[in-house]
Amino acid sequence: MDDLLNPLKNVQIVDRDLLKPNNYNPNKVSEQNLQLLVQSILTNGWTMPIVVRPDFTIIDGFHRWTVSGREPLKTKLGGKVPVVIVAHKDEAEDIYGTITHNRARGTHLLDPMKAIIKQLFDKGKTIKEICKELGMRPEEVFRLSDLGRDDFLKIMTKGTTEYSKAYDINRY
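Criteria and cut-off values
Residues numbered from 1 in each chain as written. Predicted model: local features only at pLDDT ≥ 70, side-chain atom pairs only at ≥ 80, totals over all residues. Heavy atoms only, no water. Phe/Tyr/Trp six-rings, centres within 6.5 Å; stacked < 30°, edge-to-face > 60°. Helix = DSSP H or I, 4+ residues; strand = E, 2+ residues; numbered from the N terminus. Buried < 20%, exposed > 50% of the residue type's maximum accessible area, 1.4 Å probe, protein only. Core = buried A, V, L, I, M, F, W, Y, C linked by side-chain atoms within 4.5 Å. Salt bridge = Lys/Arg side-chain N within 4 Å of Asp/Glu carboxyl O. Contact = heavy atoms within 4.5 Å. Arc of directions from axis to C-beta.

> Could you give an account of the packing of aromatic side chains, with specific residues and numbers?
One pass over the full model with this rule turns up 2 aromatic pairs. Centroid distance Phe-62 to Trp-65: 5.8 Å. Interplanar angle 40 degrees. Geometry classified as tilted. Of the two residues, Phe-62 and Trp-65 are both situated in helix H3 (residues 62-68); the distance of 3 residues between them amounts to about one turn of the helix. The class for Trp-65 is buried, based on a relative accessible area of 14%.

Structure follows, in structure tokens:
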């Protein structure tokens, strides 16, 4: 993205009922933290728009959306929430957006993360791309992949045809 501020230049206030959660978010928040989020919004106002796809599926902001449907926020907000629409080229980029937003703020549950790694592999994504886009090291992807070491190494080296040149060291 060339203009990193572009999404914020197009904040829209929409009916919260237009939004829908995605089906892959591995992030969970305790009820106590949801109450803290409500308090934060009541104290500070709404400081971060919800990030959505053009079809209003939530990429980031599920918990803000959730609490916006509860009192007293529902009434105080008039059933509206601020959103920015981000149009990625494919669902994998939506997933990357959700995970990177979440990882920057908290922790993820193991089983949903394993399912996401499998889904990305099934979509033909490389380990290198997954690592880059999700801010992971190959070891993390390996642990979440449920693949054996040899299978993982095959995938990791798939398409690699260039090797560093070896040289002999003569002993005297």
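> Before we move on, could you go through the nonpolar core and cite the residues and values that matter?
Counting 18 residues, the largest nonpolar core has Ile-117, Leu-120, Ile-130, Leu-134 and Val-141 as its most contacted members. Mapped by element, the contributors of at least two residues to this core are helix H5 (91-103), helix H6 (110-122), helix H7 (127-134) and helix H8 (138-145). Looking at which element gives the most residues to this core, the answer is H6, with 5 residues. Leu-19, Val-52, Ile-58 and Val-81 belong to the second largest nonpolar core, which has 9 residues in total.

> Give a description of unusual backbone geometry that names residues and reports values.
In this structure, the amide linkage connecting Glu-71 to the following residue, Pro-72, adopts the cis form with an omega of 10 degrees. Turning to its location among the elements, Pro-72 is positioned in the loop between H3 and helix H4 (73-77). Of note, Phe-56 is a non-glycine position whose phi angle comes to about 70 degrees, a positive value. Within the secondary structure, Phe-56 is located in the loop between strand S2 (50-52) and strand S3 (58-60). A positive phi is found at Asp-146, a non-glycine position, where the angle reads about 60 degrees. Residue placement: Asp-146 occurs in the loop between H8 and helix H9 (149-157). Take Asp-146: its relative accessible area is 60%, and that puts it in the exposed class.

> How would you explain the pattern of salt bridges if you had to name every residue and give the values?
For the structure shown, the criterion picks out 14 salt bridges. Between Lys-9 and Asp-3 there is a salt bridge, with the nearest N and O atoms lying 2.7 Å from each other. Several salt bridges share partner residues, and in doing so they unite Lys-20, Arg-53 and Asp-55 into one network.

> Describe the environment of Leu-19, listing the residues and the values that go with them.
Here Leu-19 is to be found in the loop between strand S1 (12-15) and helix H2 (31-44). Once residues within four sequence positions are removed from consideration, Leu-19 is found in contact with Val-14, Ile-50, Val-52, Phe-56, Ile-58, Trp-65, Val-81 and Val-83.

> Could you give me a rundown of H7, with the residues and numbers involved?
Those residues of H7 not exposed but buried are Ile-127, Ile-130, Cys-131 and Leu-134. What you see down the axis of H7 is that its buried residues fit within an arc of 100 degrees, all on one side. Among the exposed residues of H7, those oriented more than 90 degrees off its buried face are Lys-128 and Lys-132. Two residues or fewer past H7, Gly-135 is found with a positive phi of approximately 65 degrees.

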